[in-house]
Amino acid sequence: MIDFCVLGSGLSGSTIANLLNKEYSIQIIEKAKGIGGRSSNKKMGKSISFDHGLQYYSAKDIKFKKFLNKFIKKRILKYWLGNHIDLKFEKNLYSKKIIGVKGNNDLNKYLLKNINKILGEEISNIKFKKSHWEISSKNKKFKARNIILTFPFEQVKKLAKNYLNKELLNLKVNMKPNITLLLKQKTKSELPISSIKLNNKIIAWVANENSKKRFLSRKNCWTIQTTESYSKKIINLYKKKKTYFAKQIAKEFSNILGLNYKSLEIFKIHGWKYSFNLYGTGKKCYWNKKQRIGVCGDWFIGPNAYSAWLSANSLYKKIKKNPPK
């Protein structure tokens, strides 16, 4: 029987699985068809890709900086160069942006390269049976001595509310949604822009995927992320009216950059219902040795990749201090 089953392959899941793999047998279960969680990278054809979740890593902590630098040296990560324009004029002491060499899920893939992974399985139920966990998807059942959940807070509560203490269940967490639009632009001329942070009612962020130097294309490829207010307004509606909302965002984008709207081709619109928690909870993770269940994720601490990494490292320390028998 496997020692730890980790549910979710985002940065927190990938990190805790990698750390525990030094001493225990580990299995990752991911509902998506690929590794990465909110670090997902969407392929178009054989080479062109879009980072439609996490946009980049920034080193806001010395330990996290050392961690990222290790993978820059291994050529798993690299600096995202070019013109990063901030039209919100925010003071940012950590302006260097770090991305995956092939995609922003490269780090997740590397951390999990020697770990057993089961993809495309959405877990619907978990049950503790004295000495082990029974983990069920629609068609399969898995067993593990210990279980770790790395989902957003609402999904953790729904799946494991019978096994978590009141302190965790009553945490004040307000997960914000995000809508991402992936666009192709029919043009032979590249714009000298890597990213733009905007002060706009609809669009918050624009990334030029060509500027990441992962592929060569005659078309400009753009990732657009909408504002918190706009995302909240349409998150429960967009699936039924994908074309309508995609066109609305694309038209706003064309107006901002002064582009011909007819030159834009919509590739995909995607909604992250539980994208980030803007404020921390005062806790870093959760571990119950008796019931052999742990929880980690960025939402414990903040809205970024560093928060996910820190939460996973904090959980690992708790497990090391109070290991399962």
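See the structure printed just above.
About the cut-offs
Residues numbered from 1 in each chain as written. Predicted model: local features only at pLDDT ≥ 70, side-chain atom pairs only at ≥ 80, totals over all residues. Heavy atoms only, no water. Helix = DSSP H or I, 4+ residues; strand = E, 2+ residues; numbered from the N terminus. Expected span 1.5 Å × (residues − 1). Buried < 20%, exposed > 50% of the residue type's maximum accessible area, 1.4 Å probe, protein only. Contact = heavy atoms within 4.5 Å. Axes fitted to C-alpha atoms, helices over the stretch in contact; angles between N-to-C directions. Left-handed = near helix turned anticlockwise from the far one by under 90°. Nonpolar A, V, L, I, M, F, W, Y, C, P; charged D, E, K, R; others polar. Patch = residues over 30% accessible without salt bridge, like charges linked within 9 Å, V, L, I, M, F, W, Y side chains within 5 Å. Areas by Shrake-Rupley, 256 points an atom, 1.4 Å probe, with all protein chains shown as cover. Salt bridge = Lys/Arg side-chain N within 4 Å of Asp/Glu carboxyl O. Lys, Arg positive; Asp, Glu negative; His and termini not counted. Charge placed at Lys NZ, Arg CZ, Asp CG, Glu CD. Phe/Tyr/Trp six-rings, centres within 6.5 Å; stacked < 30°, edge-to-face > 60°. Lys NZ or Arg CZ within 6 Å of the ring centre and 35° of its normal.

**Remarks on helix α7 (residues 242-257)**
- For α7, spanning 16 residues, the distance from its first C-alpha to its last is 23 Å, which sits close to the expected 22 Å at 1.5 Å a residue.
- Along α7, the residues classified as buried are F245, A246, I249, A250, F253 and S254.
- Considering only its buried residues, α7 is in contact with β12 (175-185), β14 (203-208), β15 (220-226), α6 (228-234) and β16 (264-277).
- A positive backbone phi angle near 65° is found at G258, which sits one or two residues after α7.

**What to know about the packing of helix α1 (residues 11-20) against helix α8 (residues 305-321)**
- Where α1 contacts α8, the two axes come as close as 8 Å, and the packing angle between them is 35°. For the element pair α1 and α8, the recorded crossing hand is right-handed. On α8, the residues that touch L11, S12, T15, I16, L19 and L20 of α1 are A305, A308, W309, A312, N313, L315, Y316 and I319.
- The class makeup of the residues in the contact of α1 with α8 is 11 nonpolar, three polar and no charged.

**As for a positive patch on the surface**
- A contiguous patch of positive charge, built from K22, K70, K74 and K113, is present on the exposed surface.
- When you line up the elements, K113 lands in the loop between α3 (106-111) and β8 (116-119).

**Observations regarding the packing of aromatic side chains**
- Applying the stated criterion across every chain, the model contains 18 aromatic pairs.
- Residues Y56 and W205 carry aromatic rings whose centres are separated by 5.7 Å and whose planes lie at 40° to one another, so their mutual orientation is tilted. Pair noted here: Y56 is in the loop between β4 (48-51) and α2 (62-73) and W205 is in strand β14, with a separation of 149 residues, a long-range link. The pair Y56 / W205 is uniform in exposure class, with both members buried.
- Arranged with centres 5.1 Å apart and planes meeting at 45°, the rings of F64 and W309 form a pair that is tilted. On the criterion of sequence distance, the pair formed by F64 in helix α2 and W309 in helix α8 is long-range, its members being 245 residues apart.
- On the accessibility criterion, F64 (1% relative accessible area) is buried.
- Within the aromatic cluster, the residues linked to one another by ring pairs are F64, F67, F71, Y110, Y306 and W309.
- Above the plane of the ring of Y56 lies K97, whose end atom (NZ or CZ) is 4.9 Å from the centre.
- The side chain of K251 reaches across the aromatic face of Y261, ending 5.5 Å from its centre.

In short, geometric facts, not functional conclusions.
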